[in-house]
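Structure assessment
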Amino acid sequence: MIKVLLADDHHVVRGALAALLSLEPDLEVVAEVDAGDQVVPAALRHRPDVAVLDIDMPGADGLTAAAAVHERLPECRTLILTGHGKPGHLRRALTAHAGGFLLKTAPPDDLVAGIRAVAAGRRVLDPNLALTAWDLADNPLTPRETDVLRLAAEGAEAPEIAARLHLSAGTVRNYLTAVVDKLNARNRTDAVRIARETGWI
């Protein structure tokens, strides 16, 4: 029996996935959560074989949760199931040691087969997205620049970003200037758009 944890903040989607997987004789949904920061506590409590994670969730995104699961419970494999097929997300998923990356538009049979494959230690990737990601340039931003831009994307101004990241406001402005330059953006708003489209934030 393959034990599965489902993480998706949309109740209808999560319920549909649970119902779909309950039809399979070798799959058992042992936990459901609706926020990224609930994934690790639930995984430690229920010890699933596979965690199926959406990317966009409150608390922490699914890619951050996948990395945390790998660190805290390496025997649990993760499969990212998302509506956003951004190449940058695929790159981040691989970095987070996710075992699979599928789109929510995939046929149900592909999802079921993907869970079984990931549980067996194999990698599962949406083939079209894999080809796109292969051609995509690496993220030019440093982790700190990414943190700063992510907070800017949420609407935070330099003083707030500085306080949250324990930096000076001047350092934050320097990071934002560097980000705009690296992404060949017109301004901060354009940099956020570029980074979002590629899945870097």
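Just above sits the structure.
Heads up: these notes are all about the structure in this document. (Residues numbered from 1 in each chain as written. Predicted model: local features only at pLDDT ≥ 70, side-chain atom pairs only at ≥ 80, totals over all residues. Heavy atoms only, no water.)

**Let's talk about the overall build of the protein chain**
- Each helix and strand counted, the protein chain has ten helices and six strands in total.
- The C-alpha atoms of the protein chain give 18 Å as radius of gyration, which agrees with the globular expectation for 201 residues (17 Å, within 12%).
- C-alpha atoms of the protein chain, sized along the principal axes, occupy 60 × 35 × 30 Å.
- A total of 201 residues make up the protein chain; the buried ones form 45% of that total.
- Nonlocal contacts in the protein chain, meaning residues at least 24 apart in sequence, comprise 65% of its contacts between residues at least 6 apart.
- A total of about 10000 Å² of accessible surface is found on the protein chain, and carbon and sulfur atoms cover 53% of it.
- With 22 positive and 27 negative side-chain charges, the protein chain shows a spacing of 4 Å between the two charge centroids. (Helix = DSSP H or I, 4+ residues; strand = E, 2+ residues; numbered from the N terminus. Rg over C-alpha atoms; globule rule 2.2 N^0.38 Å. Buried < 20%, exposed > 50% of the residue type's maximum accessible area, 1.4 Å probe, protein only. Contact = heavy atoms within 4.5 Å. Areas by Shrake-Rupley, 256 points an atom, 1.4 Å probe, with all protein chains shown as cover. Lys, Arg positive; Asp, Glu negative; His and termini not counted. Charge placed at Lys NZ, Arg CZ, Asp CG, Glu CD.)

**Examining the nonpolar core**
- Leu5, Ala7, Val39, Leu53, Ile80 and Phe101 are the most contacted members of the largest nonpolar core, which has 26 residues in total.
- Looking at this core, the elements that each hand over two or more residues are β1 (2–7), β2 (27–33), α2 (39–46), β3 (50–53), α3 (62–72), α4 (87–95) and β5 (100–103).
- Residue contacts for Ile80: discarding those within four places in its chain leaves Leu53, Ile55, Gly62, Leu63, Ala66, Ala93, Ala98, Gly100, Phe101 and Leu102.
- Membership of the second largest hydrophobic core comes to 18 residues, among which are Val50, Leu81, Leu111 and Val112. (Core = buried A, V, L, I, M, F, W, Y, C linked by side-chain atoms within 4.5 Å.)

**Let's talk about the packing of helix α7 (residues 143–153) against helix α8 (residues 158–165)**
- In the contact formed by α7 and α8, the axes pass within 10 Å of each other and the chain directions differ by 130°. Regarding the angle of α7 to α8, the classification is oblique. Note that α7 runs across α8; the crossing there is right-handed. Where α7 abuts α8, its residues Arg144, Asp147, Val148, Leu151 and Ala152 lie against Ile161, Arg164 and Leu165.
- When its residues are assigned to classes, the contact of α7 with α8 shows five nonpolar, no polar and three charged. (Axes fitted to C-alpha atoms, helices over the stretch in contact; angles between N-to-C directions. Parallel < 35°, antiparallel > 145°, perpendicular 65-115°, else oblique. Left-handed = near helix turned anticlockwise from the far one by under 90°. Nonpolar A, V, L, I, M, F, W, Y, C, P; charged D, E, K, R; others polar.)

**A few points about the sheet that holds strand β4 (residues 77–82)**
- Read across the sheet, six strands follow the order β2-β1-β3-β4-β5-β6 without closing on themselves; strand pairing throughout is parallel. Where the open sheet ends on each side, the last strands, each with one partner, are β2 and β6 (124–125).
- As defined by bridge partners, β3 adjoins β4 across four bridges and the pair is classed as parallel. When the bridges of β4 are listed, Val50 appears paired with Arg77.
- Lying over the sheet, helix α1 (residues 11–22) contacts β1, β2 and β4, oriented at roughly 165° with respect to β2. (Pairing = 2+ DSSP bridges.)

**Concerning the pattern of salt bridges**
- Following the criterion strictly, the structure yields 15 salt bridges and no others.
- A salt bridge links Glu24 to Arg116; its shortest N-O distance comes to 2.8 Å. A residue pair is termed long-range when its members are at least 10 positions apart, and Glu24 in the loop between α1 and β2 and Arg116 in helix α5 (residues 108–119) qualify at 92 residues.
- Assessed through its relative accessible area of 30%, Arg116 is described here as partly exposed.
- Measuring nitrogen to oxygen at the nearest pair gives 3.8 Å for the salt bridge that ties Glu157 to Arg188. You can see Glu157 sitting in the loop between α7 and α8 and its partner Arg188 sitting in helix α10 (residues 188–198), a full 31 residues away along the chain.
- Arg188 sits in the partly exposed class, given a relative accessible area of 30%.
- Each member of the salt-bridge network shares a partner with another, and the members are Arg186, Asp190, Arg193 and Glu197. (Salt bridge = Lys/Arg side-chain N within 4 Å of Asp/Glu carboxyl O.)

Purely geometric numbers; function is a separate question.
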